[in-house]
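Residue strings, one per chain:
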Amino acid sequence: MSTQAFDKRKETLASMCDERARMLQDQFNVSMNHVQAMSILISTFHHARNPSAIDQGTFARYTERTAFERPLTSGVAYAVRVLHSERKEFEKQQGWSIRRMDTLEQTPVHKDDEYDRDGLEPSPVQAEYAPVIFAQDTIAHVISVDMLSGEEDRENVLRARESGKGVLTAPFRLLKTNRLGVIKTFAVYKTDLPSNATPNERIQATDGYLGGVLDIESLVEKLLQQLASKQTILVNVYDTTNLSHPISMYGSNVSSDGVEHVSALNFGDPFRRHEMRCRFKQKPPWPWLGITTATGILVIALLIGQIFHATINRIAKVEDDYHEMMVLKKRAEDADVAKSQFLATVSHEIRTPMNGVLGMLHMLMDTNLDVTQQDYVSTAQASGKALVSLINEVLDQAKIESGKLELEAVCFDVRATLDEVLSLFSGKSQEKGVELAVYISDKVPDVLIGDPGRFRQIITNLMGNSIKFTEKGHIFVMVHLVEEVIESSEEFKMESSLKHTLSGLPVADKRQSWRNFVAFNQEGSAAFTSSSLGQINLIVSVEDTGVGIPLDAQSRIFTPFMQVGPSIARIHGGTGIGLSISKCLVQLMKGEIGFVSLPKIGSTFTFTAVFTNGRCNWNEQKSQQISNPSNSVSSEFHGMRALIVDPRTVRARVSQYHMKRLGVHSEVVSDLNHGLSYLRTDNRVTNMILIEQEVWDTDLGMSSLFVKNLRNIDANDPPKLFILANAINSNRVGVANGFSTPFVIMKPLRVSMLAASLQRAMGVGNKGNCTHGELSGSSLSKLLQGRKILVVDDNNVNLRVAAAALKKYGADVVCTDSGKKSITFLKPPHQFDACFMDIQMPEMDGFEATKRIRDMESDINSRIQLGQLPVEAYGNASSWKVPILAMTADVIQATNEQCQKCGMDGYVSKPFEAEQLYQEVSRFFHVKQIRIAEDQ
């Protein structure tokens, strides 16, 4: 312990000494850096200007005012380089003679009243001189002194100009103070000297020499005062350039306890060496720590035994708890796996017969049925789809609880997605006479990257609730950027007034639905504003004028399986988990969801979601063009002009939004009189006029007059007249006085339906019926015509359903009931274009069958490439890989991952429909699909 105390004392001394040495070195360098910086000032303002901008008075005032930047220097002086040939002219200009340095050194200490510069001897004749021309007032007595006449100064000056670095003198007694100090000299060069100049080039480019005088003793004393501590140490500073005769620059020879530490000092001159020697002033204290430690060893030894015993017991208990926890963890993991397997099995066992039921009902719908039979079949099919939807919701809730719900990241068109959702609810809204509309801001990109299915599911859940609880008024879906809403809060405040609602009925203020969102406080707003350009933050509001939510039920609205009230549940039905699932999906999309509801007024649900701005690849764009007719017909209406007659601002804006998607420029007027005035004054051609039904029906006489005046304005080609109707019973619109019946466009407006209506009325493009935006059967038929497809399923009903669905569109279908047989069918060479493979089959499941098929194909491909098998024997195909699509009722995410792992190319969930088959198969028959699109 005594050795340890001694070593610790040495470490403490070393640390303190190194700290003082480092600070001394740093403060020295700071002062010298300021001195060196003055060389640039002299080179710029004295040598580079004629006449010079600096004289002794200017130099003295500048150095005096900037002395605080050089607290360790006693003074600064500048000596100019003068050749012998220039001496007379120089002395004449300066008004004094160049004096010798060695004469001054003989009497180093002077008082101001006894110092006489004129008494110094003139400098002897030599090749060049370095007389001081500028000096700080503290050392003004060195002006006119030749720095090259002193032996050591001459050596330092010559080294400084050759090396281009600062050079230190040996310690000497400073004039006037008689304290030890040093001078550091810097050469001042011409400004055009290159950085890699040779010593000869530096000598030739030298203009003068700048020196800074440092009081070493004062410097060290100030440093020690700053670092005063309880353990006072003695400090000595030495110049050890000559190791045999070191020069003491600071300190005394007071005795110490013998412990000494030496710290090297670097003052920027590699020629001269300096060091700091430190030692404690006080003797080491008694080793009380060792004494007390020795005394307490006995007590500690006794305690150690007790502690060791308690530790052993504690470790044993922790190990037992750990083993018990691992057992419980294993049970929980097994239970989670069992739950997932149970969900997979239950979903498969329920959805498999449901696939047969719905498939057979779909086939039955294609037969000749009377009206009553069609009603029965439609009812059964709707009930089956409702059951499948319920199964999906329960499975979604289970996956959310187990944390296994994952989102996709694919390109999708947000506007087309909203159109699809509108198509789902168009029939119900028309039956009720409820206005249904969607508006998406122009600032929202056309293509986003995210999960379109889950995004659609959220909006479908919210709109489904609105449809159930709304008997009059409207349901309005609005999509904006979060940044847009933050910047335009006043505009959204205006839209909450009665005048600016879709149907004119009062609504709940949607701003209250997002009042607690993080995105709308100051920090959140800044985060959204500064987000990267690729991130898109959407805010979606679903506004309705329904019955509203009772105040006492609003707190549990997002609780799973909770209904607003028993009476409501009996009237409207539902499981009560749609909003819970929606909230979880919104959270997965890094968003928030909220609502505001007023009883008997309505509700507004708002959620945010984060997507990525992106563009689909070329294939996906082509696929979108085929599946979305609006893309191909929008060019037919590009450049046309329309007039919208609608007194409601919001509703007119929705109409303008859909017309703009078709490339039609539209203007809005509030009534028919204003419409006539616009048509008479506007010289441009108006191709079509869209009139809201409530405007038309208000005064049929005025409507008839409007039509008559239209013909008077342009009798040859009057604008086409369209009525925007909302309810099913509104499709009969007449005009008095025998005028023709206007075309009726049923709401909700979707771009595909609107395009089809305009095509039929105006005689342009494809006049087919696309009002529901459904997939054209002809496209699927052209896609599958002549394709040979193998369907593998152990269930005979599912085989018949899948085969019938594919044969309906011209495919050549071969069926087999086992995985082993599929391997035989798909052994190259074969003629199959694709295979639909069931997953759960006896004897050999779809995973194992697919793996063996892929291994077989890989082996044959390798042997063909190596030349072991002739290409001719395999249909001149050097690579065999048939697309295999999983066909199962299991919807667990793990199953999808297992499908990809074993080599399957796609995934079709039972029960499937024609659209699902089209979407999957089109990925593999893409070349043919594009060729068909071009032919069209």
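Note that the coordinates shown come from a computational prediction; the quantities given were computed from them, not determined experimentally. (Residues numbered from 1 in each chain as written. Predicted model: local features only at pLDDT ≥ 70, side-chain atom pairs only at ≥ 80, totals over all residues. Heavy atoms only, no water.)

K.L.:
Sorry if this is basic, but what is going on with the environment of Ile536 here?
P.N.:
Note on placement: Ile536 falls in strand 17 (residues 535-544). Along the backbone, Ile536 and Leu481 are 55 residues apart, and their C-alpha atoms lie at a distance of 7.3 Å. (Helix = DSSP H or I, 4+ residues; strand = E, 2+ residues; numbered from the N terminus.)

K.L.:
Is there a simple way to think about the pattern of salt bridges in this case?
P.N.:
When charged atoms on two side chains of opposite charge get close, those side chains can pair. On inspection of all chains with the given rule, the structure shows 32 salt bridges. When the shortest N-O distance is used, the salt bridge between Glu694 and Arg651 registers 2.9 Å. On the criterion of sequence distance, the pair formed by Glu694 in helix 21 (residues 693-698) and Arg651 in helix 19 (residues 649-661) is long-range, its members being 43 residues apart. Between Arg854 and Asp905 there is a salt bridge; the shortest N-O distance is 2.6 Å. Residue Arg854 is located in helix 27 (residues 846-865), and its partner Asp905 is located in the loop between helix 28 (893-902) and strand 29 (906-909); the two are separated by 51 residues in the primary sequence. (Salt bridge = Lys/Arg side-chain N within 4 Å of Asp/Glu carboxyl O.)

K.L.:
Looking at this model, I keep getting lost on the state of the cysteines. Mind explaining?
P.N.:
One way to say it: the disulfide is the covalent bond shared by the sulfur atoms of two cysteines. In this structure the tally under the stated criterion is one disulfide. One disulfide in the model links Cys17 with Cys278; its S-S distance is 2.2 Å. An S-S torsion of about 70° defines the bridge between Cys17 and Cys278 as right-handed. In this pair, Cys17 sits in helix 1 (residues 2-47) while Cys278 sits in strand 12 (residues 274-280), placing the two residues 261 residues apart along the sequence. (Disulfide = S-S within 2.5 Å.)

K.L.:
How should I be thinking about helix 27 in this particular structure?
P.N.:
With 20 residues, helix 27 should cover 28 Å at 1.5 Å per step; its first-to-last C-alpha distance of 28 Å lies within 8% of that length. Taken together, the buried positions of helix 27 are occupied by Gly846, Phe847, Ala849, Thr850, Ile853, Arg854, Met856, Glu857, Ile860, Asn861 and Ile864. The backbone nitrogen of Phe847 lies 3.2 Å from a side-chain oxygen of the residue at the head of helix 27, namely Asp845. Looking one or two residues past helix 27, Gly867 carries a phi angle of roughly 80°, positive in sign. (Expected span 1.5 Å × (residues − 1). Buried < 20%, exposed > 50% of the residue type's maximum accessible area, 1.4 Å probe, protein only. Polar contact = N/O pair within 3.5 Å; in protein donor to acceptor, adjacent residues only side chain to side chain.)

K.L.:
Would you take a moment to explain the confidence of the model for the protein chain for this structure?
P.N.:
Keep in mind that low pLDDT regions are not for reading the predicted coordinates in detail. Here the protein chain shows a mean pLDDT of 81. Residues at 70 or above account for 83%. Note on residues 567-571: pLDDT under 50 across the span, and three contacts to partners over four residues away in sequence or across chains. In the model, residues 616-633 has pLDDT below 50 throughout and makes 24 contacts with residues more than four positions away in sequence or in other chains. (pLDDT = per-residue confidence, 0-100. Contact = heavy atoms within 4.5 Å.)

K.L.:
Looking at this structure, how should I read the sheet that holds strand 9 (residues 233-239)?
P.N.:
Across a sheet, strands are paired by hydrogen bonds formed along the backbone, either parallel or antiparallel in direction. Ordered by their spatial adjacency, four strands build an open sheet running 10-9-12-11, and the pairing between neighbours is antiparallel. Every other strand in the sheet has two partners, leaving strand 10 (247-250) and strand 11 (260-265) as the edge strands with one partner each. With strand direction ignored, the average angle separating the axes of adjacent strands in the sheet is 30°. Judged from the six bridges that link them, strand 11 and strand 12 form a sheet pairing that is antiparallel. The partner of Ser263 across the bridge, within strand 12, is Met276. (Pairing = 2+ DSSP bridges. Axes fitted to C-alpha atoms, helices over the stretch in contact; angles between N-to-C directions.)

K.L.:
Looking at this structure, I do not really get unusual backbone geometry. What am I missing?
P.N.:
Trans peptide bonds make up the majority, and among non-glycine residues the majority have a negative phi. Between Asn50 and Pro51 the backbone carries a cis peptide bond, its omega angle lying at 5°. When you line up the elements, Pro51 lands in the loop between helix 1 and helix 2 (56-65). For the peptide bond that leads from Pro828 to Pro829, omega is 0°, which places it in the cis range. For Pro829, the position within the fold is in the loop between helix 26 (819-825) and strand 27 (834-838). Positive phi values are uncommon outside glycine, yet Lys590 reaches one of about 60°.

K.L.:
What's the story with the nonpolar core in this structure? I'm lost.
P.N.:
If you look at soluble globular proteins, the nonpolar side chains tend to sit buried side by side. Counting residues in each nonpolar core, the largest one holds 63 residues, and the members touching the most others are Leu24, Phe28, Tyr78, Val132, Leu210, Val237 and Met276. Top contributing element to this core by residue count: helix 1, with 10 residues. Each residue touching Leu24, except ones within four places of it in the same chain, is listed here: Leu219, Val220, Leu223, Val237, Leu265, Phe267 and Met276. Residues Val477, Ile577, Cys584 and Val586 belong to the second largest nonpolar core, which totals 53 residues. (Core = buried A, V, L, I, M, F, W, Y, C linked by side-chain atoms within 4.5 Å.)

K.L.:
Is there a simple way to think about the packing of aromatic side chains in this case?
P.N.:
The way to describe two aromatic rings as a pair is by their centre distance and the angle between their planes. According to the stated counting rule, one finds 14 aromatic pairs in the structure shown. Judged by centre distance (6.2 Å) and plane angle (25°), the ring pair of Tyr78 and Phe134 falls under stacked. One end of the pair, Tyr78, is in strand 1 (residues 73-80); the other, Phe134, is in strand 4 (residues 132-135), with 56 residues separating them in the sequence. With respect to class, Tyr78 is no different from Phe134; both count as buried. Every member of this aromatic cluster is reached through a ring pair, and the members are Phe412, Phe455, Phe607 and Phe611. (Phe/Tyr/Trp six-rings, centres within 6.5 Å; stacked < 30°, edge-to-face > 60°.)

K.L.:
Before we go on, may I ask you to explain the side chain of Ser39 in this structure?
P.N.:
With respect to the helices and strands, the residue Ser39 is situated in helix 1. For Ser39, a relative accessible area of 11% translates into the label buried. A distance of 2.4 Å separates a polar side-chain atom of Ser39 from the backbone oxygen of Gln36. Ignoring sequence-local partners within four residues, the contact set of Ser39 consists of Val188 and Leu210.

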